[in-house]
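Each chain, letter by letter, is given below.
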Amino acid sequence: MRQPPPPDVTVGGIAPHIPADLYRQASGQPFVIVQAAPPPARPWVRPVAIGLAIAIGLMGLGAAALALFEFAIRTAAVIGSLTGPLGIGLTLKLATRK
């Protein structure tokens, strides 16, 4: 059950809780509750971090695509050099219809 506020005390929407012993010690004298101010916000940090993460991710995707293309080209070059002209001639002869 919620207790009513003590007399001569203004309770706001964000008023902090006052423990009962502290209220009894005050014996009707006014007292002030001091709260530390929140640290100043840095509004630019979050968008910059998101932008950098996106840029690094896109560079990684580009590097992966280039590595994949290079691997495919090297594989095609190795297969082409291993077959040679004789392999290409035999392939064309076997692949054509009689």
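Structure first, text after, so check above.
This write-up is about the structure you can find in this document. Bear in mind the structure is a predicted one, so any value in this text is a computation, not a measurement.

## What about the overall build of the protein chain?
Tallying secondary structure elements over the protein chain gives two helices and zero strands in all. When burial is assessed residue by residue, the protein chain has 2% of its 98 residues classed as buried. When the accessible surface of the protein chain is split by element, carbon and sulfur atoms take 70% of a total near 9500 Å².

## Topic: a nonpolar patch on the surface
Together, Trp44, Val45, Val48, Leu52, Ile56 and Met59 make up a nonpolar patch on the protein surface, roughly 620 Å² of accessible area in all. Checked against the element boundaries, Met59 lands in helix H2 (residues 45–95). The class of Met59 is exposed, set by a relative accessible area of 58%.

## Comments concerning H2
An ideal rise of 1.5 Å per residue puts 75 Å on 51 residues; H2 reaches only 63 Å between its terminal C-alpha atoms. The largest bend along H2 reaches roughly 90° and is located at Gly84, with the proline Pro85 sitting one to four residues downstream.

Analysis parameters
- Residues numbered from 1 in each chain as written.
- Predicted model: local features only at pLDDT ≥ 70, side-chain atom pairs only at ≥ 80, totals over all residues.
- Heavy atoms only, no water.
- Helix = DSSP H or I, 4+ residues; strand = E, 2+ residues; numbered from the N terminus.
- Buried < 20%, exposed > 50% of the residue type's maximum accessible area, 1.4 Å probe, protein only.
- Areas by Shrake-Rupley, 256 points an atom, 1.4 Å probe, with all protein chains shown as cover.
- Patch = residues over 30% accessible without salt bridge, like charges linked within 9 Å, V, L, I, M, F, W, Y side chains within 5 Å.
- Salt bridge = Lys/Arg side-chain N within 4 Å of Asp/Glu carboxyl O.
- Expected span 1.5 Å × (residues − 1).
- Bend = angle between axes of the 7 residues up to and from the residue.

Just distances and angles here, no functional claims.
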